[in-house]
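One-letter residues, chain by chain:
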Amino acid sequence: MSAPAKTSDDAIRAGARRLLELHGVEALSMAAVAAEVGVRAPSLYKRFASRGELLAAVTGEVLAELQGLMERAVRPGKPRASLERMARWYRVFAKKNPRAYGLIYSPQVEVDLAARMASAGALLGVLGESLGKEKALPAARLLVAFVHGFVSMELEGMFQFGGSVEDAFEFGLATILDGLF
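Residues numbered from 1 in each chain as written. Predicted model: local features only at pLDDT ≥ 70, side-chain atom pairs only at ≥ 80, totals over all residues. Heavy atoms only, no water.

1. Here we look at the packing of helix α5 (residues 79–96) against helix α10 (residues 165–180)
Look at α5 against α10: their axes get within 11 Å of each other, and the N-to-C directions meet at 145°. When you trace α5 past α10, the crossing you get is right-handed. Touching R80, L83, E84, A87, R88 and R91 of α5 are V165, E166, F169, E170, L173, A174, L177 and D178, all from α10. Of the residues belonging to the contact of α5 with α10, the class tally is seven nonpolar, no polar and seven charged. (Axes fitted to C-alpha atoms, helices over the stretch in contact; angles between N-to-C directions. Helix = DSSP H or I, 4+ residues; strand = E, 2+ residues; numbered from the N terminus. Left-handed = near helix turned anticlockwise from the far one by under 90°. Contact = heavy atoms within 4.5 Å. Nonpolar A, V, L, I, M, F, W, Y, C, P; charged D, E, K, R; others polar.)

2. Some remarks on the pattern of salt bridges
For the structure shown, the criterion picks out 12 salt bridges. A salt bridge links E84 to R80, with the nearest nitrogen and oxygen atoms 3.2 Å apart. Of this pair, E84 and R80 both sit in helix α5, four residues apart, which is roughly one turn of that helix. Here D178 and R80 are joined by a salt bridge, their closest N and O atoms 2.9 Å apart. Linking D178 in helix α10 with R80 in helix α5, this pair joins segments that are 98 residues apart in sequence. For R80, a relative accessible area of 26% gives the class partly exposed. Connected via shared salt-bridge partners are D10, R13, R17, E61 and E65. (Salt bridge = Lys/Arg side-chain N within 4 Å of Asp/Glu carboxyl O. Buried < 20%, exposed > 50% of the residue type's maximum accessible area, 1.4 Å probe, protein only.)

3. As for the packing of aromatic side chains
A full pass over the atoms with the stated rule returns six aromatic pairs. Their ring planes at 25° and their centres at 5.7 Å tell us that F146 and F169 sit as a pair that is stacked. Pair noted here: F146 is in helix α9 (residues 133–155) and F169 is in helix α10, with a separation of 23 residues, a long-range link. Judged by its relative accessible area of 18%, F146 falls in the buried class. On the accessibility criterion, F169 (0% relative accessible area) is buried. (Phe/Tyr/Trp six-rings, centres within 6.5 Å; stacked < 30°, edge-to-face > 60°.)

4. Details of the nonpolar core
Core analysis: the largest hydrophobic core is formed by 51 residues, its most contacted members being V33, L44, L54, L83, M86, L127 and L143. Elements with a minimum of two residues in this core: α1 (9–23), α2 (30–37), α4 (51–73), α5, α6 (98–104), α8 (121–131), α9 and α10. Residue contributions to this core peak at nine residues, all from α4. Discounting chain neighbours no more than four positions away, the residues touching L83 are L123, V126, L127, L143, L177 and F181. (Core = buried A, V, L, I, M, F, W, Y, C linked by side-chain atoms within 4.5 Å.)

5. Describing a nonpolar patch on the surface
Together, M153, M158 and F159 make up a nonpolar patch on the protein surface, roughly 280 Å² of accessible area in all. Turning to its location among the elements, M153 is positioned in helix α9. (Patch = residues over 30% accessible without salt bridge, like charges linked within 9 Å, V, L, I, M, F, W, Y side chains within 5 Å. Areas by Shrake-Rupley, 256 points an atom, 1.4 Å probe, with all protein chains shown as cover.)

Next comes the structure, spelled out in structure tokens:
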């Protein structure tokens, strides 16, 4: 009979995510994650074959968390309210988890296309129902480009000219949604 596992995939991903937020992706090594979860590095390799595989698993988890938020933001029959909630919650999520959020768009992390598509499902659903299927993808790209660009600049401290960053976000979001509806 083999010895019981001293950790789990969930615990490993959680430990990796804690380290990621504290020290960034560059400092995330298998040895550091092992120490964080209280095992030796070889134990991690039994569950994740490489650092890249672990990063992909963490990114998949981040996408699933974001997907859940977007799905909960939907208000049936209220597309604009749904899109406003999605954009605001997306921004809050990114600001609360800046380094994990960065993994979503990192070219260094290989993430399953199905996970990426699932995370956009609620957005595409709302847009498809309200604008039609042919406009849903271009509208989703527009919204994601605005929100991601805004959030990325905000996280990097790029809004230094004064004025309310919150008001600027709301103005941009309203302007885009006015154009769509």
